[in-house]
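Structural features, examined
Listed below are the residues making up each chain.
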Amino acid sequence: MMKWGEYNMDPINFDEAKQSQLPAVEMLVNLGWEYISSKQALALRNGDDSRVLLGDVLQRNLMRLNSYEHAGQQHKFTEQALARVAEELEATRVDGIIDTSRQITDIIMPKLGGSTVKVFHDGHEESKSLRYFDFENLDNNEYHVTVEYRVVGREAIRCDIVCFVNGIPLAHIENKKSSVGYQKAIAQFQRYQSPDFAPKLFIFEQLLLAMDGEKAYYGTTGTPEKFYTTWRERHMSPDELDSNLRQIISQPIDPTVYARILTDLNGATRGVEQMLIRTPSAQDEAIYGLLRPERILDIVKNYVFYDGAHKKVARYQQVFAIQRMLERVRQTEPTEYGSRHKGGII
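Concerning the overall build of the protein chain
Along the protein chain, the regular secondary structure elements total 12 helices and 14 strands. The burial tally for the protein chain puts 51% of its 346 residues in the buried class. Pairs at least 24 apart in sequence give 68% of the contacts found in the protein chain among residues at least 6 apart. When the accessible surface of the protein chain is totalled, it reaches about 17,200 Å², and 49% of it is carbon and sulfur.

Some details on helix H3 (residues 55-65)
Within H3 the residues assigned to the buried category are Gly55, Val57, Leu58, Asn61, Leu62 and Leu65. End-on view of H3: buried residues confined to an arc of 160°, all on one side of the axis.

Some details on the packing of aromatic side chains
Summed over all chains, the structure comprises 10 aromatic pairs. With centroids separated by 4.9 Å and ring planes inclined at 40°, the aromatic side chains of tyrosine 68 and phenylalanine 77 adopt a geometry described as tilted. Given a relative accessible area of 9%, tyrosine 68 falls into the buried group. For the pair phenylalanine 133 and phenylalanine 135, a centre-to-centre distance of 5.8 Å together with 70° between the ring planes defines the contact as edge-to-face. Each member of the pair, phenylalanine 133 together with phenylalanine 135, is buried.

Let's talk about the packing of helix H8 (residues 238-249) against helix H10 (residues 282-291)
Where H8 meets H10, the closest approach of the two axes is 11 Å, and the angle between their N-to-C directions is 90°. In this view, H8 runs roughly perpendicular relative to H10, as classed from their interaxial angle. Residues Leu241, Asn244, Leu245, Ile248 and Ile249 of H8 form the contact with H10, whose participating residues are Asp284, Glu285 and Tyr288. Residue composition of the contact of H8 with H10, grouped by class: five nonpolar, one polar and two charged.

Here we look at the sheet that holds strand S9 (residues 207-211)
Pairing is mixed across the open sheet formed by six strands, whose spatial order is S1-S6-S7-S8-S9-S10. Each edge of the sheet is formed by a strand with only one pairing partner; in this case those strands are strand S1 (34-35) and strand S10 (216-219). Alignment of S1 against strand S6 (residues 143-152), held across two bridges, turns out to be parallel. Looking at the pairing, glutamate 34 lines up with histidine 144 of S6. Helix H11 (residues 293-302) contacts S6, strand S7 (156-165), strand S8 (168-175) and S9 of the sheet and is inclined by roughly 105° relative to S8.

Some points on H10
Burial of H10 is extensive: nine of the 10 residues sit out of reach of the surface. Turning to H10, its buried residues are Gln283, Asp284, Glu285, Ala286, Ile287, Tyr288, Gly289, Leu290 and Leu291.

Quick word on the environment of arginine 158
By the element assignment, arginine 158 lies in strand S7. In the structure, arginine 158 is positioned 10 residues away from glutamate 148 in sequence and 5.5 Å away in space, judged by C-alpha atoms. At a separation of 2.7 Å, a polar atom in the side chain of arginine 158 contacts the side chain of glutamate 148.

The rules we used
- Residues numbered from 1 in each chain as written.
- Predicted model: local features only at pLDDT ≥ 70, side-chain atom pairs only at ≥ 80, totals over all residues.
- Heavy atoms only, no water.
- Helix = DSSP H or I, 4+ residues; strand = E, 2+ residues; numbered from the N terminus.
- Buried < 20%, exposed > 50% of the residue type's maximum accessible area, 1.4 Å probe, protein only.
- Contact = heavy atoms within 4.5 Å.
- Areas by Shrake-Rupley, 256 points an atom, 1.4 Å probe, with all protein chains shown as cover.
- Arc of directions from axis to C-beta.
- Phe/Tyr/Trp six-rings, centres within 6.5 Å; stacked < 30°, edge-to-face > 60°.
- Axes fitted to C-alpha atoms, helices over the stretch in contact; angles between N-to-C directions.
- Parallel < 35°, antiparallel > 145°, perpendicular 65-115°, else oblique.
- Nonpolar A, V, L, I, M, F, W, Y, C, P; charged D, E, K, R; others polar.
- Pairing = 2+ DSSP bridges.
- Polar contact = N/O pair within 3.5 Å; in protein donor to acceptor, adjacent residues only side chain to side chain.

As structure tokens, then:
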């Protein structure tokens, strides 16, 4: 039976799609995210839009990334065992959005314990560790992005852009036109996370970005509006950043892929052509800084954390300060007794 509200969803706004949503997807695709159509995304959820994980992608990557050692030999987990893992993750019940989000983080992020799978050898049961991401070789993960991602909870929601790593939704963008402003996108995040809509999606998502084509602010699950913040790249000059962004923007997207994007935007961008020359915006900088494949897993693993009953994400000043500190700690200097790590006051 259809829930009330499944068809009570506003049509895609032309200005919103053209000013913010389409440029954001273009940037993501040119950064290396593989576009999957709305129809493909639904198929990867077994046609069930109450599910939030791309189950087939998750199972494939669990099989690909994991093996274990027994008696000096490497073994692969069975497909049945990893299918159960994926299904159990999907079936997680939301018992307080922050508490459940913390539970998910403990499972998928190895620094907080990770998860295990039981295996049997010679009549004995053993628990073996499982990993969901390859943090050492970032290219060894699958990065997918889709638009108009529909999720049904008590009410249906339609997410403007969702980014998945190995089938798990880690980032979510809501777009508004500039005359409306990014604040409306933040309000939409707050509404979507409530028990009356689809909080299950947000127990997996780590980065929430509100954009209006000109401005971009980010937070995480449960972030109050006043604590959403902007991102700035600190490791390069403004001229270098501008040059990098222009180069990314200028990359033509495969026409077949671009046509799928336009189709998924339900005609809101019909006839629009990719702009290969335009001035980079704060929205572009936020996507480049937070969501490029070599950055997003570092952010979600090392800079999203829990403080009591609150989930928080670091500001860009904190991220770059910690990175500078770690870089200094790793540096060595010669002495008459050999090399030593550099010291100093942090």
